[in-house]
Structures are given as structure tokens and as C-alpha cells.
6 protein chains.
Amino acid sequence: MSQTICVINPNTSEAMRQVIEHSCTEVALQDTQLKVVCAPSGVASVEGFYDGALATTGVLKSVQSNPSQGYLIACADDTGLDACREITSAPVLGIGEAAMHTATLLGAGFSVLTAQQKSVHILERNAHQYGFATHCRGVHAMKTPVLDLEKFLEPEWFPVLLERCQQILEQDESEVLVLGCAGLTILQKKLQDALQIPVIDGVRAGIGLIEGLLRCGLSTSKHCTYQPAEDKTTAGEQG
Amino acid sequence: MSQTICVINPNTSEAMRQVIEHSCTEVALQDTQLKVVCAPSGVASVEGFYDGALATTGVLKSVQSNPSQGYLIACADDTGLDACREITSAPVLGIGEAAMHTATLLGAGFSVLTAQQKSVHILERNAHQYGFATHCRGVHAMKTPVLDLEKFLEPEWFPVLLERCQQILEQDESEVLVLGCAGLTILQKKLQDALQIPVIDGVRAGIGLIEGLLRCGLSTSKHCTYQPAEDKTTAGEQG
Amino acid sequence: MSQTICVINPNTSEAMRQVIEHSCTEVALQDTQLKVVCAPSGVASVEGFYDGALATTGVLKSVQSNPSQGYLIACADDTGLDACREITSAPVLGIGEAAMHTATLLGAGFSVLTAQQKSVHILERNAHQYGFATHCRGVHAMKTPVLDLEKFLEPEWFPVLLERCQQILEQDESEVLVLGCAGLTILQKKLQDALQIPVIDGVRAGIGLIEGLLRCGLSTSKHCTYQPAEDKTTAGEQG
Amino acid sequence: MSQTICVINPNTSEAMRQVIEHSCTEVALQDTQLKVVCAPSGVASVEGFYDGALATTGVLKSVQSNPSQGYLIACADDTGLDACREITSAPVLGIGEAAMHTATLLGAGFSVLTAQQKSVHILERNAHQYGFATHCRGVHAMKTPVLDLEKFLEPEWFPVLLERCQQILEQDESEVLVLGCAGLTILQKKLQDALQIPVIDGVRAGIGLIEGLLRCGLSTSKHCTYQPAEDKTTAGEQG
Amino acid sequence: MSQTICVINPNTSEAMRQVIEHSCTEVALQDTQLKVVCAPSGVASVEGFYDGALATTGVLKSVQSNPSQGYLIACADDTGLDACREITSAPVLGIGEAAMHTATLLGAGFSVLTAQQKSVHILERNAHQYGFATHCRGVHAMKTPVLDLEKFLEPEWFPVLLERCQQILEQDESEVLVLGCAGLTILQKKLQDALQIPVIDGVRAGIGLIEGLLRCGLSTSKHCTYQPAEDKTTAGEQG
Amino acid sequence: MSQTICVINPNTSEAMRQVIEHSCTEVALQDTQLKVVCAPSGVASVEGFYDGALATTGVLKSVQSNPSQGYLIACADDTGLDACREITSAPVLGIGEAAMHTATLLGAGFSVLTAQQKSVHILERNAHQYGFATHCRGVHAMKTPVLDLEKFLEPEWFPVLLERCQQILEQDESEVLVLGCAGLTILQKKLQDALQIPVIDGVRAGIGLIEGLLRCGLSTSKHCTYQPAEDKTTAGEQG
């Protein structure tokens, strides 16, 4: 059964889109058509509530202009997740959500590593809302801008990242590490090999989850909360 | 001490703006300059996550174009609340938040009445996030569009509303009623007189809260979560 | 990549094993080798804590005697789930867990339908432990023995089931229905078609989840809680 | 609209009453008549449950003998708060409650600083009851008797206090500081200036909240929990 | 080992003291010296927060004037419990606390029956604080004054009580009933026989718990929260 | 009233059985017949979920072959507790449960000390389920095998244990220490004397609790969750 999954990078960074695409491609089934897009407008990276609010409009447009059987929002903040669920009956997941759910299936407690300190509260709040107030034992930031994260792949920077991860896991007594930023997707394997515990990248995990939902014939409930919004947009509107 | 409070109606309905303004004027201090504005663009009413996402951009623009000492977001969903807190150091409150906090100070448990069923989950989620999972004993909808709510002022419709409120309060064993929609602001006194328990309108309550914060010299913390976002907007952006 | 997933029916009922196998086959990838087994000993059906305790030993033996890349425990109580995670590094999921996680991705709140009243508390407790105290809005029983559930496929019984589901969903204001018993797996499609909301069968959902985990290269954390137990069994042991 | 707010210092310390009065006067509206009284009997300072129990009788008498439009209990433990709500329909707030609610409106998480270690559990318990189990990230004591707190105004002691606050905020990753003792009210501005984050003094915040409630025409719900107690006091009673 | 347990009826009703004494005597060990006293002053019955506050002073005096090896506060509100723990190192329990703990050991969920509607919120709050927010599935009132409860022993009134209990248990899906008022102690056996589920009377349960604590050599921790208060009472004090 | 309490050591270690018996004997009433047995089969010590699952079968057999008026499961994990409650109407307690309940009656927060790191999550999960997520401020391991714990009685090892306890209590700001392993029962008095706070041994506490329940005429509710399981065991079954 052929199917299209649209993966939406909520920011406008093409470099970020490419690393996301690379990870998706790695795990997607042969029958899955991947369409990895940037938000048509918004912000260069999502760091905080304001960025998230600006990015949401772009995410919604991406859903609307890319009819697909499933959608993955590739920002750990799960930018615009609920709003998207209103405008399609296809399953919509966020990578933060995907990674946290996955983490709880593999160990007794997880820690989240994100880029900026500003995102810590957003991820904590999401963890609570998803039900993981107890499972999530800590959210921590590298205090590095999202767009600089790939430096940690380099031999002189990787040990810095690794040491921070080890310290976080020990402090939180966690058994799984969640990557709380799409920009960390390129580091999943390297970190997992080094840490010897599951390291969850929501990009990969999200693709797997959506493919599973589709094979089971499941879609977003249209019963109440996510029933389609009436068209009420007015003059001066976005775009 | 003279001060300006900007009250933002997140939708584009002028009629709604006027009822909001009326309630604000009723309670504001003489020294308070009220500026009650509609979002410059977005949706005619906010009913659900998608509407809320579209409205958020307009709310942010309203904050940016109306420099004030305090801001009140006049939608019970508290549309864009956290994002606004990043772009100003003035206090920013939402009327949903204002009403729920107020309710917990006046009785042992409260119920919320909103317009549409789609909003129930949003308000429940907010109640949880604000800490009121236990205090909020139920969120209920009139199943009436936001823009039609004022009909309940009319003699033939008011008894319908009243009976629903009585039934909700009895079922939930609640001691306070929270009006979970700005469109209900005009009904506060009439309902409070009829129900003989506190009926909380977040518009009025919010004005009082912000004025209190200002007299205490308090503003939004800029320490971490709400520190100003860097400008990272890119081509194709909103507006 | 070829892989074996072992699906363990924790009870000894061959009829139940067959319906489980049927559902698994329906959703599994072509490359997945399914091995659907009954517990070698224990109870004819799992209804309550005592049955679950007896069944656990058989589930553990099934894991030990069926080396696989993933395991799915096909009882909504998730019989022996944590113990199994200690004796293999392959991912191990329970169908109750799989279904509840899935449900939270598709709607704002779910209800669970199970067979016997005795199982209600077990499923509620699991929902709490998995983090879904708020998402799970009710667990309800058909008050029908597990091994009699297939009668609801029949034209004279299906309407009884359907009406009960409708009543549950309305009472709980739920947007998704979780089938809280492996014996209900055969009813997933029929119920979903009739109810017009997502109906989650943990058997199908679990297969999808495990296949996703495997494609992402994820396994159970061996860091602490699920590190292998030392062999300390003593004379008189099971079997 | 002229109105009287009675502020009750639950202990018998005149010095404490004066600092409380000073803070109240600073923020109260011109039309507000402030009446700041000491409990007629009880304890010299409230440090722990026993002191609180003894002080409660005095707080109740103060309410009864000072008819007012609003009441503020000026102890961070919110001594006798619920009992007072039964004997008046005017709004009654405690300064601990006022400060914690206010803190959640200004930042993503707050810490509380109190005088004695004995009070830590009381404030934690109140935070939980008010709904702020997640928002309140820590309660900490200076380990200084309540009546000695004003020494921290002095140049040689203020740095000790400041350093402790900085350490608490860093450890808790908090964005707002709540002063968990009326005796700290005199330090609010100095601390806020030095820490550069909102420092909430419940005395000032409470006055603002009550004035807001009054302008909105709100009073304590008399529906059930706070309906007036029947007179059942018996021989040997207090006073 | 001979020991004295002081049982404090927080109200001044001699009739209530007698029924409490009767229940205590029934379960106490032969070596236990029971001393069942009324508060020396306060209220005729404890119905609500105000009554509780007035009663607390009397409860504290009873502890101080009756040196014992253990104390039981015989009001389901657990009047003054924490304050008492500060003024003695002997174990102090409340009957509400004793009954709720006991109930969780005997069934999967309990309901509480109390006298007056005003007490419902107090008992709910206590249930939360003791940790039983999930275990306690409902608190319900007979809407009968505390001092009138014994009428339910009479043949024409007992069926009314019984029917209410049955309805509560069914509605809450509870497996244990907690008597949420000392005045119901006389009805424990009769109700338990009729309902055929455990009916927990905190008076009896509390005596058993304290005797158990004493045999184990356990006493109240004096480490921090319950360390003795300094004497700071001032002129005009109680009594 | 003469009564038999059966105390079940869920592992097969006779040495452990003896220390358990010693503690039971110390606190049991003269009229109590103690029967302290080892599980007939299973594991030499219970360290983790897998050991617990294997031990459960033995615990159930012990209940079935030792008809008694009460049962105490002498493992801090409360091995098989719920399953046992189905097969007898006598009260069944676990020592972890007994100790945690007791701890909350004596101080404002407790810490748990266990043997192995693997058990930490199990005890945390139990604490949550029993309602003590807030009361339990930390679970910590000595990282010592269960069967080696008695070395801490020795003069050269006791200070190591003591220092660890002191560090835990300070870090957690706890007021009571719970011994989270039956193997620590022999250390209760020595530790309590040294720490000068209540140290709770669930073996002793559990005996006291059960004796109390029996004197009150209370038994396990047979209403729903713990109603007797039907006999559905099948060929190949245990033993």
C-alpha cells in the first residue's frame, strides 16, 4: 500500500530540512513516499513560544498544501500540533510527542536534551500534557542555538556533548535519552553507541509511529475537539 | 499613576470588541487608559485550536503595535498568552487564566461554561496547566456559536442559560461559575444575581488583576522562558 | 531487513491465539516473521490479578523459548510486561500499553472497554502508571467472560455491544475507543465503521509500534531497572 | 467607591504590624480605607502548625470585630483562611495564596523563601492545595526567626540574603521569587532590584487582588463549603 | 506493656464522647488504658472549617492535659492533627486519616459518607493531602446534623441510610465504605453486615493503628516539621 | 481472641525467614499465632521485576497452603500482593505498603532505603500507586545484594550504612526513614537509635497493622476487584 507522509520542518532552514530528510529516509518503508518540506514562512529556527507561534501559521499552510496520508511536525516543541489535527483527518504527530511516547516503552525514566534553555519549560509542559510528568525526569539544555547543534558531530565537540549527556543521565537516574530538538537527529546513532542506552530521535520514531498507524487504518478522531474548523478567516489574514 | 492597559480581542469581531470594552470600562480605575482593540487579522471568532493558531499572529501584532503597561487577551482560551509574554516585559494575562485564578479564591470548586463543545478540551487543558485540575470540576458548552451568545440576554433565552448553569453547578457540586468565553461577559451580573453565587468574568477580573500587578511594580520575568526572542523571521512572513 | 516478532497470548486458549494471529497478520510487514504462541501453561483466560500472576510464568517462558527481535504480550492487562523486559534486550510491549499510547495520539480523550468488571481496576491502574490518568476518561466492562466475547460479532449481539460503546463514549465525552481485551480484536473494524471514531486494537497497534522501534534500531534499556536478573531460581521452581 | 480592607497580622507583634501596614499603604488605592490590626491574642510569631492553630482564634476574632469589605491575612501560612471565609461574605485572602497566584502569572516557575525550616512543609502543602505543585519548584528557609528577618535590610546582612536567593533560584531554575513570610515584606523592592526578576510580596499583591475583586463585585461563595456556621460554641470557649 | 491512649472528642458533646468510648473499648487491647475525653471548650459539633478552628484549641489543651503514649483525634476532619504532632512525641492520629489509610488496604477504591455537605470539601482535601486522590472515589453527605446521626440506628431510619450507601457505592464503583464522621461509629457493624463490604470506622481503626505503632516503638518524628514549638503565646491568650 | 497470621518470605532463603520471624515475634501480640514461611519455590532473593514474577507463584501457594486470619508478604516490593487478595478474604498486606503508610503518619516526608538499584523503580512505582508520590521524597539503594545486608550490623559496616542514611535524609529533607527491604529488618532499632528519627520496618509495622484490622473485624473487600477468581488453570500449570 503506497502512502505519502509529509514531514514539516516548522522553520525555514533548508539545512535543517535536509538533516531531517536524511533521518526519515533511513527508517521509512519502501512504500512510503516522503515529502519533507520547510514551512513556507516564519522563523529560521524555533526557540521559545514566540518563534513557535510564528512558525505555526507556516506549519498549517504546509499541511494544507501537501495532501498526504500522514504528517510529522519535525520540531521537538510539536509546533501547531493540535491545530493541524483539526484540518486533516490523517494522523498528525509531533517529534517531541513521538520521542517521549517511545522513550516510555523502553526504560523506567527518561531525560530530554534540548538546544536552548528557553525551550526547557515548553518541553516540560508538553511532557506533563502528554502524561509523562513522572516518566520525564528532567529536561536540560546544551545552551547552544538550534542551528549550531551540528558542530557536536565534530571530533572536538562530540565529547562535550557526550559528557553533558552522561551527567544528565546520572543526575536524573534516567534509562533513556530523548533528543529534544530536530537538530540533534544527526547525532542519534553516535550518541546511542557511546551511551549504551536507547537514544530516541523523534524524527525517526515519528515516521515509524505514523506508518504503524496507517497500517492499522487509524486516523485522527473527528468527533469533537479535532472536528474541522469552519472557515472564519477575515480580511488582513495571513498570506 | 497613569497607565495604559491594552485589551486585545483575538478575533476580528467589532461587536465582540464593544462588549469587552464595556465590561473593562466598568471596572477599570480612573487612572487607567483602556485601549481595547481587535486583532488586525485572523478569524471572526475563536472556536478551537485552529482558530486559536490563526488568531495568535494577530494578537502578537496587537501587542507590538500598542505599547502599554499591561495587556489582557480577551479570549477564554488565552490565545497566544505565552508568546506575548516573550515580546514585552509588561504583565500579560488571559481572561481564562484570570477567571480561573479568581474563582479559586472565592469557593471550593468551580465549573466553566463555554460556547462550543470544541473549546471544552482546550479549557480543560488550560485548567490543568494553571494548576486547577482539582479545583475545576467541569467544563461545559452551551453548544452555541460564540457570536450568538448575546441572545441569552433576551427574556426568552435567558432562562435556558440559567437552567443550564444551575444543572452544571449541581452536577459538579461547584460553588463558583466561570464564564469561559468573552462573549458571555455581558451576562455576568444577570447570572450572578440569578444564581446567587460568584460568577466570574475574566474580562473584568483580568483588568483588576493587571491593575493590581502594576500598583505592586510587578512585570513579566525576563529570566529564561520569557526572555525576548531574537529576530529570526524570514521571507514570506506574516503580514 | 527480516525480523521475528513473537506475539504471546498469555492464556492457553488456542481459539484466542488464532484471532490474535489473524489481526497480527493483517498489519504486519511482509518482512516480519510472526510467531504467535500461547503461554505453555497457566490459565484459560486472564481475568484479574490472580489469573495474571499465574499467566506471568508462562509469558516469561514464552519469551525465553522464542528468541525474537521483538515481543508483544497480547493481553490488555500487559501481563508480566516489566518482568519480560528484564530477560531480553529486544523491545517488549503489551497490547494495553500499545493501545493507550496510540489512543492519545488520535483524540483528546479515550475510553476503554474490557470484558469483565474485575479487570477495570487493573486497566485503570495501568493507565495511571503509563501516564494517562487524565487522557483515560473511563474504563468499562461488558460483564462478559473473555472467552465469550466473539458472540458480539453475531448480528443479534453486535447491536448490544454497539449501544454500550455509544453510551460509554457519550458519558465519558471520549473521542477514541480502546479495546481493553485481546478477545475484542476481531471487532475493531466493525466497531470503528459503526462508531465513526478511531477504535484501537492493541494487537494491531502493538505490531506497528514494535516494527517501528526495530526500524529505528531501538531496544530495551539495560541500564538499571531492566538489566538482566541474575539466576537465583531454586529447587521446587516453576515447571 | 469607598471601601475598608482589614489586614490581619495573625501574630501579636506590633513591629510586624507596622511593616505590614507600610507595605499596604504603599499600594492601596486612595479610596481604600486600610485597617491593619494585630490578632488580639495568640503568639508573637507564627512558626509552624501549633503557632498557626493558636493564632487562628485571634484571626477569627479580628474578622468578627472589624467589619470590612475585604480581609487579608498577613501570614504566608494563610492562617485560618478557610475558617474566616465561613464567617463573612467579604473576600478573604491570605498573603501566601496571593503571592503564589501572582507568581504563576509572571514566570514559568517560582521558588519560595521563608524564615524557618518548620514552615517549609506548611508552604509546600499550601502550594499543592492551591494547585501549584508543579509551578512551585522549591520552598527554602533562611533558618532565621521571623522576628529577626529585618536584619537583612542592613548592609552587612543583605548580601547574605541575596546570595541565598540567587542560589535558590539557580538550583530550582525558577523565574520568580515568592517571599514566604510577612516579615520579608520590607525587602521586596531591594531584592527585586538586586535579583532582576519579579519578587512577590503577598502583602502588596494581596491588597491589589482584593481591590480588584471588590471592583468586580465579587464575594466569597456562600453556596456550601463557606456557608455561615451555626453558632454552636459552648461553655469554656475562647475569650 | 501497659500504655495509655487518649482519645479526644474535639467537640463538647458528652453523648458523642460516649459512643466514641464504646467503640474504642470494643477494640482496644486489655493492656491499653483508654482515656476518652471531650475538648474542654469549643463547639457542640464540628461541621466545617470554622467549627474546626474553634475546636482545635480544645484539642490541643486535651493533649497537653492528658499525658499519654498515644492520641487519637475522634473527628473525621482530623481537627488540629498537625498542631498536636508538634506538642508531643507520642503518635497522634486522626480518625479520618486512620479510616482512609485502612480503606486502601482492603479494596480498590473507597467512598466516604459524612454528615453535612459542608464537610465534603474538607474530607476531599484531606484525602488529597493523605495521598488518596485516586483511591477516594467520592465523598458524600447524608445532609444530617452530626448530633442527629444516631437516629439511623432506628428501624425506620436505617433503611434510608442503607439505601444511600448502596447508591453511593454503585455510583462510585467503590469497594469499601469509609464512615466520615465519628457520629457514625455506632453504625459500623450494622452497615458492614448489610452492605457485605468492609465499612471502616476510624475510631476503631485508629485505636488499632496506634497500638500497632506503640508495639513497634514508633513515635512522631521530631526532626523538623513537628519539632516542638517554642513558647511564644502572649497576653490575651486562649483560656 | 486467638488468630493466626501467616508471614510469607517470598524468597527461598531460610536465613531471611529467620530474621523476619525474629522481628515478627518481637511485636506480635501474645494471642497471635505466627507462622513464618518461605515460598516453597522461586528465587533466593527478590531483586527486580523478574525475580518478583517468579516469586509470586510461591507466595500464592503459601497463602493457599496456610489458612490464616491474616497474611503479610515480607518483601518490600509487596510481591504478588493484589493476586493474594483475590484468593482469601483475610486481610493481606505487604511490608512495603505497611511501612510507607506508617511513615506518613509520623512525619512530613519519608525516604526509602533499599538494597539494589534495580528495586528503586519498583518501590517508586508502588509509592505512587499507594498514593505517596508526594510523601515519598526519594528511594535510594545501598547497591548491596539483599542477602548481604546483614553485614551492616557489624561494627565496621554499620557506620557506612549510617552515613548513607544521614546523607539521604539530608538530601531529601525527609523526616522518617523507611527500610525498603526485609533484609534490613534487623537494623531497625540500631538505625533508629542512631538517626533519632522514626525508622520504619515494614515487617514489624505490618504485623501491627494486621492485628489492628483483625481486632476491628475487617477483611478484604470481595465486591469486585478482589472477588475470588474462577478456577481456570490448565495443563502444564505450576507445581
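Residues numbered from 1 in each chain as written. Chains lettered and ligands numbered in written order. Predicted model: local features only at pLDDT ≥ 70, side-chain atom pairs only at ≥ 80, totals over all residues. Heavy atoms only, no water.

## Structural notes on the domain arrangement of chain A
How large an interface is tends to be reported as the accessible area lost when its parts come together.
All names here are of chain A.
Part 1 of the reasoning: The domains assigned to chain A are domain 1 (3–95 + 204–215) and domain 2 (97–201).
Part 2 of the reasoning: When each unit is reduced to the centre of its C-alpha atoms, the spacing between domain 1 and domain 2 is 20 Å.
Part 3 of the reasoning: Taken residue by residue, the interface counts 27 residues in domain 1 and 27 residues in domain 2.
Part 4 of the reasoning: Between domain 1 and domain 2, roughly 2100 Å² of surface is buried when both sides are summed, and carbon and sulfur atoms account for 57% of that area.
Part 5 of the reasoning: Three residues stand out in domain 1 for area buried against domain 2, namely E47, F49 and R204, and they jointly supply 27% of the buried area on that side.
Part 6 of the reasoning: As a salt-bridge pair, K189 and E26 come within 2.7 Å of each other at their nearest N and O atoms.
Part 7 of the reasoning: At the junction of domain 1 with domain 2, the criterion picks out 14 residue pairs in polar contact (both at pLDDT 80 or more). (Domains from an automatic or database assignment. Contact = heavy atoms within 4.5 Å. Buried area = accessible area lost by both parts, 1.4 Å probe. Salt bridge = Lys/Arg side-chain N within 4 Å of Asp/Glu carboxyl O. Polar contact = N/O pair within 3.5 Å; in protein donor to acceptor, adjacent residues only side chain to side chain.)

## A word on the relation of the copies chain A and chain C
Part 1 of the reasoning: Superposition record for chain A on chain C: RMSD 0.0 Å, screw rotation 180°, translation along axis 0.0 Å. Between the two chains, the operation in question is that of a two-fold axis. Identified as the residue of chain A closest to the rotation axis by C-alpha distance is G131 of chain A, at 2.1 Å. (Least-squares fit on C-alpha atoms with pLDDT ≥ 70 in both.)

## Focus: the interface of chain A and chain C
Part 1 of the reasoning: The partner chain C presents 46 residues to the 46 residues of chain A that form the contact.
Part 2 of the reasoning: Regarding the contact of chain A and chain C, the summed buried area is about 3300 Å², with carbon and sulfur atoms giving 62% of it.
Part 3 of the reasoning: Contact with chain C buries surface across chain A, with L105, L106 and R215 of chain A losing the most and accounting together for 21% of the total.
Part 4 of the reasoning: The interface formed by chain A and chain C contains two salt bridges.
Part 5 of the reasoning: The residue R215 of chain A makes a salt bridge to E211 of chain C at a minimum N-O spacing of 2.2 Å.
Part 6 of the reasoning: Inspection of the region where chain A meets chain C yields 17 residue pairs in polar contact (both at pLDDT 80 or more).
Part 7 of the reasoning: Secondary-structure elements contributing two or more residues to the side of chain A that touches chain C are β5 (92–94), α4 (95–104), α5 (118–130), α7 (188–195), β9 (199–201) and α8 (202–215) of chain A.
Part 8 of the reasoning: Looking at which element gives the most residues to the side of chain A that touches chain C, the answer is α8 of chain A, with eight residues.
Part 9 of the reasoning: Looking at the side of chain A that touches chain C residue by residue, the classes come out as 22 nonpolar, 18 polar and six charged. (Helix = DSSP H or I, 4+ residues; strand = E, 2+ residues; numbered from the N terminus. Nonpolar A, V, L, I, M, F, W, Y, C, P; charged D, E, K, R; others polar.)

## Thoughts on the interface of chain B and chain D
Part 1 of the reasoning: The interface is formed by 46 residues belonging to chain B together with 46 residues belonging to chain D.
Part 2 of the reasoning: Considering only the surface of chain B that becomes buried against chain D, L105, L106 and R215 of chain B emerge as the three largest contributors, covering 21% of it.
Part 3 of the reasoning: Connecting chain B to chain D are two salt bridges.
Part 4 of the reasoning: At the surface where chain B touches chain D, the tally comes to 17 residue pairs in polar contact (both at pLDDT 80 or more).
Part 5 of the reasoning: Of all the elements, helix α8 (residues 202–215) of chain B adds the most residues to the side of chain B that touches chain D, at eight residues.

## A look at the relation of the copies chain B and chain D
Part 1 of the reasoning: Superposition record for chain B on chain D: RMSD 0.0 Å, screw rotation 180°, translation along axis 0.0 Å.
Part 2 of the reasoning: With an isologous cut-off of 70% or more, the 100% of interface residues of chain B that recur at the interface of chain D puts this contact in the isologous class.

## Re the packing of α4 of chain A against α8 of chain A
All names here are of chain A.
Part 1 of the reasoning: One can describe the packing of α4 onto α8 by two numbers: an axis separation of 8 Å at closest approach and a directional angle of 85°. Considering their axes alone, α4 and α8 lie roughly perpendicular with respect to each other. Here I95, A98, A99 and T102 of α4 come into contact with α8, specifically with G202, V203, A205, G206 and L209.
Part 2 of the reasoning: In terms of residue class, the contact of α4 with α8 is made up of six nonpolar, three polar and no charged. (Axes fitted to C-alpha atoms, helices over the stretch in contact; angles between N-to-C directions. Parallel < 35°, antiparallel > 145°, perpendicular 65-115°, else oblique.)

## Details of the side chain of S119 of chain D
Part 1 of the reasoning: By the secondary structure assignment, S119 of chain D is in helix α5 (residues 118–130).
Part 2 of the reasoning: Once residues lying within four places of it in the same chain are set aside, the contact partners of S119 of chain D are E47, G48, D77 and T114 of chain D.

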